[in-house]
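Letter by letter, the chains look like this.
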Amino acid sequence: MTSLIIKNATLPNGSVADIAIDGETIAAVGTNLATDGATVIDATGLVALPGFVDLHTHLREPGFEGSETVLTGSRSAAAGGFTAVHAMANTSPVQDTAGVVEQVKALGEAAGFVDVVPVGAVTVGLEGKQLAELGAMANSRAQVRVFSDDGKCVHDPVLMRRALEYVKAFDGVVAQHAQEPRLTEGAQMNEGRVSAELGLTGWPAVAEESIIARDVLLAEHVGSRVHICHLSTAGSVEIVRWAKAKGIAVTAEVTPHHLLLTDELARSYDAVYKVNPPLRTQEDVLALREALIDGTIDIIATDHAPHPTESKDCEWQAAAFGMLGLEIAASVAQEVLVESGRSNWQRLAEVLSLNPAKIGRLSEQGQEIAAGAVANIALIDPAAKREIADTQSKSKNNPYRGLNLPGAVVHTIYRGYPTVASGTVAEKGRN
Amino acid sequence: MSQLKHLLSAADLSREAAIGILDVAEEMAGVNARAIKKLPTLQGKTVVNLFFEDSTRTRISFELAEKRLSADVINFAAKGSSVSKGESLKDTAQTLEAMGADAVVIRHGASGAAQKLAQSGWIDGAIINAGDGTHEHPTQALLDAFTIRRRTHGAGSSAGKGLDGLRVVIVGDVLHSRVARSNAILLNTLGAQVHFVAPPTLVPANPAGIQAKIHYDFDAALAEVKPDAVMMLRIQSERMNASYFPSEREYSRVWGMDSQRLAALKPGALLMHPGPMNRGLEITAEAADSPNSTVLEQVSNGVSVRMAVLYTLMATERN
């Protein structure tokens, strides 16, 4: 019994088809499917993509509900075409026990806009001293597979080695925030020409690259997979490219902001551009784009990092690191992959949905649009031009405000339920 | 001259604007030489000296300049005030705005704090950067340029002139020095050639955007450049603990100004220091007290230059 039918959608391969949805499942994909009294979405001119999966989201709950909650972050995700987000572990309390990850998962289910998949901390309290109970989190109802101390680097090489080894027991992955702490003490922005002029303490590329080099070698040595969070430099791309050529099981993500923005923006001293890792140079941006196109970088992940106004509306040095990203990720991906003429919608589906679901071992996300798949679908108007304004996030640290970006998410279908319809986020989640 | 609202960076000044301020400063120096050192220019205007960092010298220099222009002066020091109780820059600025400050002279430990204040919309008055973190200190650069121009061209015949063709060597902790950054910009604007001498650890990793030639060998640089002025930067001893250089003795031997290097300067070359000096570290007492030394001139010129800046930003807004 078809409950929802999407008419005349353009699939990533360019063909036009109808998509019939029965409950949570795609019942059929084909031409001239009967509407059968189902709700009809006219998708003429829209591209249908598998619902996006973010491997790197900060939902801030529990602990920092002034910035974001699981509900507001989920709504922002839905507005961006996402049907699953990985909630990073740096909450308060930290997501380092089965109890906390189960709580976050439950909050996600209560919100009902996306699958909220908790990330587990690698170390207790993100302190880098002692492994958190990784097995307990993996075996909990939250089924944690991605572990990260994101925000902090697991810089102790022995601890990193043990974590990489330990998570093999349940096919987990460590997502490393690559930042050598001593090389970045007091660091405020990319170390380069601009930091020299602005007198802001530099954040050298080598602080990221040295950790990535170490970790791919560790992963090779112990036969584990490793994931690199928010890779931001041309040098990091070279290391990952080398590691992949060598057969090392490394995956890498890039954020929308590192694909679009550069350290020149720091000249304004507007802390909305302050982020960790910092915005780099135009050369880095070009290298990251190339790597996303050629497959060296596997995914786009948002590192959506909401902060309250008072943490950004102040002098640069006093401001928090981080920026919003859920609602512009698809537009940046379209700009880099499609509008550039260098790649295509299929690659966009890979980097925003298929690959992140694979890395996170999510079986019900990141599926090609086909009969039998879970009905997670984003419908994009590729011809739309939009000026970025306010978002669904509770926070306003949006560095894209005022920029013109291509494409707009028109509908998001999450497990058969329209979380976004005609550009408007649903009042309530699917529950 | 285009209307200057704030002075945040030496880069805010065109050559014309910079020479204009230096010329006004010459007139102010005339006022400062009189028995009654006071002008009514800023009567009824309120200037706040907002100092988040201790700096007695810069603060009293501004205060004297403000008082000699008849402004009402408020000193707002962060220590012992609500700022040390966690009040933000924004709240402080909005408070000053509500009290009707016409200008704010700000010294802050964070680079960009002055620019943030000027662009935030929190406050309407003129903002003068009196040193922001390791970024800039534009009035210091102006007083240094004024000092060089006066010594080079003479007090009576400086007006309208730049520093064309002069060679200035700046020595020391360039990486952390707002004085070096502002000077590099302003000296170039005025036509001088800028050289940095520093240990490689104390030079920015990528100095491409800074218009100065970098040397690691002080003696070779003095021999090659034959500078008209040498400016010694204050070295902070905490840099030693962070391994920027091995010891004070080694620093002073390799990068310090001593009698021998003083003797290598051409006659009449200026020996400058923004103060306060570490005698025996970056500069020996003999050098500091030599006829080449302009340290005290810089201090008195500082008042004239700051009067000129206040005059330029505030007196013109009436018209």
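Predicted model, so just to flag it, every value in this text is computed and none were measured.

Asker: Can you explain the overall build of chain B? Please cite residues and give values.
Answerer: The number of helices and strands found in chain B is 12 helices and 9 strands. The burial tally for chain B puts 50% of its 319 residues in the buried class.

Asker: Break down the overall build of chain A for me, with residues and values.
Answerer: In terms of helices and strands, chain A carries 11 helices and 19 strands. Taking 22 Å as the expected radius of gyration for a compact globule of 431 residues, we find that chain A reaches 20 Å, a close match to that expectation. Here the contacts in chain A between residues at least 6 apart in sequence split such that 74% fall between residues at least 24 apart.

Asker: Let's hear about the sheet that holds strand 4 (residues 126-132) of chain B: which residues, and what values?
Answerer: Residues and elements named next belong to chain B. The strand order across the open sheet built from 4 strands is 2-1-3-4, with neighbouring strands paired in parallel fashion. The open sheet has two edge strands, strand 2 (72-77) and strand 4, and neither has a second partner. Adjacent strand axes in the sheet meet at a mean angle of 15 degrees, parallel and antiparallel pairs treated alike. Pairing geometry for strand 3 (residues 103-108) and strand 4, over 5 bridges, is parallel. From the neighbouring strand, Val105 faces strand 4, where its bridge partner is Ile128.

Asker: Summarise the interface of chain A and chain B; cite the residues concerned and give the values.
Answerer: Interface extent is often summarised as the accessible area lost during association of the parts. The partner chain B presents 23 residues to the 19 residues of chain A that form the contact. With 5 residues, helix 5 (residues 193-198) of chain A is the largest single contributor of residues to the side of chain A that touches chain B. For the side of chain A that touches chain B, a count of residues per class yields 9 nonpolar, 4 polar and 6 charged.

Asker: Go over the packing of helix 5 (residues 138-153) of chain B against helix 6 (residues 178-189) of chain B with me, naming the residues and quoting the values.
Answerer: Residues and elements named next belong to chain B. One way to put it is that helix 5 packs onto helix 6 with a least axis distance of 8 Å and a crossing angle of 55 degrees. The pairing of helix 5 with helix 6 is recorded here as oblique in orientation. Helix 6 is crossed by helix 5, and the crossing has right-handed handedness. Across from Pro138, Gln140, Ala141, Leu142, Asp144 and Ala145 in helix 5, the residues of helix 6 making contact are Val179, Ser182, Asn183, Leu186 and Leu187. A breakdown of the residues in the contact of helix 5 with helix 6 according to their chemical character gives 7 nonpolar, 3 polar and 1 charged.

Asker: Can you break down the domain arrangement of chain A residue by residue, with the values?
Answerer: Residues and elements named next belong to chain A. Assigned domains within chain A: domain 1 (4-47 + 373-425) and domain 2 (51-359). With centres defined by C-alpha atoms, the gap from domain 1 to domain 2 works out at 26 Å. Taken residue by residue, the interface counts 28 residues in domain 1 and 40 residues in domain 2. Breaking the side of domain 1 that touches domain 2 down by element, the ones donating at least two residues are strand 16 (377-387), strand 17 (404-414) and strand 18 (417-421). It is strand 17 that provides the largest number of residues to the side of domain 1 that touches domain 2, a total of 6 residues. Here the side of domain 1 that touches domain 2 is composed, by residue class, of 15 nonpolar, 11 polar and 2 charged.

Asker: Before we move on, can you summarise helix 2 (residues 98-111) of chain A with the specific residues and values?
Answerer: Residues and elements named next belong to chain A. Across its 14 residues, helix 2 extends 20 Å between first and last C-alpha, which sits within 8% of the 20 Å expected from 1.5 Å per residue. All buried positions along helix 2 are accounted for by Ala98, Val100, Val101, Val104, Lys105, Leu107, Gly108 and Ala111. Contacts made by the buried residues of helix 2 are with helix 1 (70-79), strand 7 (82-87), strand 8 (115-118) and helix 3 (134-139). Two residues or fewer past helix 2, Gly112 is found with a positive phi of approximately 75 degrees.

Asker: Requested: an account of helix 5 of chain B, with residues and values cited.
Answerer: Helix length check: helix 5 of chain B (16 residues) gives 22 Å between terminal C-alpha atoms against 22 Å at 1.5 Å per residue, within 8%. Taken from the residues just after helix 5 of chain B, B:Gly154 is the one with a positive phi, measuring 90 degrees.

Asker: Tell me about unusual backbone geometry, and name the residues and values.
Answerer: Residue and element names in this part refer to chain A. The omega torsion of the bond from Glu61 to Pro62 falls at 5 degrees, within 30 degrees of zero and hence cis. Topologically, Pro62 is positioned in the loop between strand 6 (52-57) and helix 1. Of note, the bond from Asn276 into Pro277 is cis; its omega dihedral lies within 30 degrees of zero at -5 degrees. Relative to the helices and strands, Pro277 resides in the loop between helix 8 (256-260) and helix 9 (282-294). The phi angle at Arg361 is positive, at roughly 55 degrees, despite the residue not being glycine. Tracing the backbone through its elements, the reader meets Arg361 in the loop between helix 11 (345-359) and strand 16.

Asker: Which residues make up the packing of helix 2 (residues 56-68) of chain B against helix 12 (residues 295-315) of chain B, and what values go with them?
Answerer: Residue and element names in this part refer to chain B. Between helix 2 and helix 12, whose axes approach to 8 Å, the crossing angle comes to 55 degrees. By the angle between their axes, helix 2 is oblique relative to helix 12. In terms of crossing hand, the pair formed by helix 2 and helix 12 is right-handed. Counted together, Ser61, Phe62, Leu64, Ala65, Glu66 and Arg68 of helix 2 and Gly302, Val303, Arg306, Met307 and Leu310 of helix 12 form the full contact between these two elements. Partitioned by chemical class, the residues of the contact of helix 2 with helix 12 number 6 nonpolar, 2 polar and 3 charged.

Asker: Give a description of the sheet that holds strand 8 of chain A that names residues and reports values.
Answerer: All names here are of chain A. As summarised here, the arrangement of the 3 strands in space is 6-7-8, forming an open sheet in which the pairing is parallel. Because the sheet does not close on itself, it has two edges, and the strands there are strand 6 and strand 8. Strand-to-strand twist of the sheet, defined as the mean angle between neighbouring strand axes without regard to direction, takes the value 20 degrees. Relative to strand 8, strand 7 is paired through 4 bridges, and the arrangement is parallel. Directly across from Val85, in strand 8, lies its bridge partner Val116.

Asker: Could you give an account of the nonpolar core, naming the residues involved and the relevant values?
Answerer: The biggest cluster of nonpolar side chains holds 248 residues, and the ones touching the most others in it are A:Ile19, A:Ala48, B:Val104 and B:Val171. With 9 residues, helix 12 of chain B is the single largest residue contributor to this core.

Asker: Residues and numbers for the environment of B:Ala71, please.
Answerer: All names here are of chain B. Along the chain, Ala71 turns up in the loop between helix 2 and strand 2. Along the sequence, Ala71 and Gln43 sit 28 residues apart, while their C-alpha atoms lie 5.2 Å from each other. Setting aside residues no more than four positions away along its own chain, Ala71 makes contact with Leu42, Lys45, Thr46, Val47 and Glu66.

What counts and what doesn't
Residues numbered from 1 in each chain as written. Chains lettered and ligands numbered in written order. Predicted model: local features only at pLDDT ≥ 70, side-chain atom pairs only at ≥ 80, totals over all residues. Helix = DSSP H or I, 4+ residues; strand = E, 2+ residues; numbered from the N terminus. Buried ≥ 20, exposed ≤ 12 C-beta atoms within 10 Å, placed from the backbone. Rg over C-alpha atoms; globule rule 2.2 N^0.38 Å. Contact = placed C-beta atoms within 7 Å. Pairing = 2+ DSSP bridges. Axes fitted to C-alpha atoms, helices over the stretch in contact; angles between N-to-C directions. Nonpolar A, V, L, I, M, F, W, Y, C, P; charged D, E, K, R; others polar. Parallel < 35°, antiparallel > 145°, perpendicular 65-115°, else oblique. Left-handed = near helix turned anticlockwise from the far one by under 90°. Domains from an automatic or database assignment. Expected span 1.5 Å × (residues − 1). Core = buried A, V, L, I, M, F, W, Y, C linked by C-beta atoms within 7 Å.

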